[in-house]
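Structural overview
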Amino acid sequence: MLTIRAEQMAALQRASERTLIERLSAHVTLRWGVMAGGAAREAWISDAVLRARGYRLKSEQDITEFVDLTFEFGREFDLEARHAAGTAILKCRQLAAARMRQLRGWAASARGSAGKEA
């Protein structure tokens, strides 16, 4: 029988996390253009991934959407009072898929509001 030790499991999780950050970094570069170089961008993304997981987002698609929102609305948009409605959606007890659907609607509305303010 094969036994995976805790140390091995932790190493696998770190490698998986590193791969996710690399994919997200490439995504961000394509979607949002060039931002402050490597380490700064990866720190931003890594922080966003941690917060997304704190909101019980697990799928790469949901985490990617959350990262996109941080680039669109601000690094810690979910901690800002002006985006309280978005934060409330993230914190509710619904399944991630339902929350992400609502969050997309909130983002579309926030985009529309920002255009009217300008």
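Shown above is the structure to which this text applies.
Structural notes, computed from the coordinates. Predicted model, so just to flag it, every value in this text is computed and none were measured.

A word on the overall build of the protein. In terms of helices and strands, the protein carries 5 helices and 0 strands. Each helix and strand of the protein, ordered N terminal to C terminal, gives the series α-α-α-α-α. Its C-alpha atoms give the protein principal-axis dimensions of about 60 × 35 × 20 Å. The buried share of the protein, reckoned over its 118 residues, is 35%. Within the protein, residue pairs in contact and separated by at least 24 positions form 56% of the contacts whose partners lie at least 6 positions apart. When the accessible surface of the protein is summed, it comes to about 7,400 Å², and 58% of that surface belongs to carbon and sulfur atoms. Averaged over its 19 positive side-chain charges, the protein has a centre that lies 4 Å from the centre of its 14 negative ones.

Inspection of every chain in the model, using the stated rule, returns 11 salt bridges. A salt bridge links R18 to E42, with the shortest nitrogen-to-oxygen separation between them at 2.8 Å. Placement of the pair is R18 in helix α1 (residues 6-32) and E42 in helix α2 (residues 38-54), with a sequence separation of 24 residues. For R18, a relative accessible area of 36% corresponds to the partly exposed category. Among the residues examined, E42 registers a relative accessible area of 22% and is labelled partly exposed. One salt bridge in this structure joins E65 and R104, with 2.7 Å as the shortest N-O distance.

Counted at 1.5 Å a residue, the expected span for helix α3 (residues 60-73) with its 14 residues is 20 Å, and the 20 Å between its end C-alpha atoms agrees. Most of α3 is tucked away: 11 of the 14 residues are buried. Regarding α3, the residues found buried are D62, I63, T64, E65, F66, V67, D68, L69, T70, F71 and F73. With its phi angle positive at about 125 degrees, G74 sits one or two positions after the end of α3.

Calculation criteria
Residues numbered from 1 in each chain as written. Predicted model: local features only at pLDDT ≥ 70, side-chain atom pairs only at ≥ 80, totals over all residues. Heavy atoms only, no water. Helix = DSSP H or I, 4+ residues; strand = E, 2+ residues; numbered from the N terminus. Buried < 20%, exposed > 50% of the residue type's maximum accessible area, 1.4 Å probe, protein only. Contact = heavy atoms within 4.5 Å. Areas by Shrake-Rupley, 256 points an atom, 1.4 Å probe, with all protein chains shown as cover. Lys, Arg positive; Asp, Glu negative; His and termini not counted. Charge placed at Lys NZ, Arg CZ, Asp CG, Glu CD. Salt bridge = Lys/Arg side-chain N within 4 Å of Asp/Glu carboxyl O. Expected span 1.5 Å × (residues − 1).

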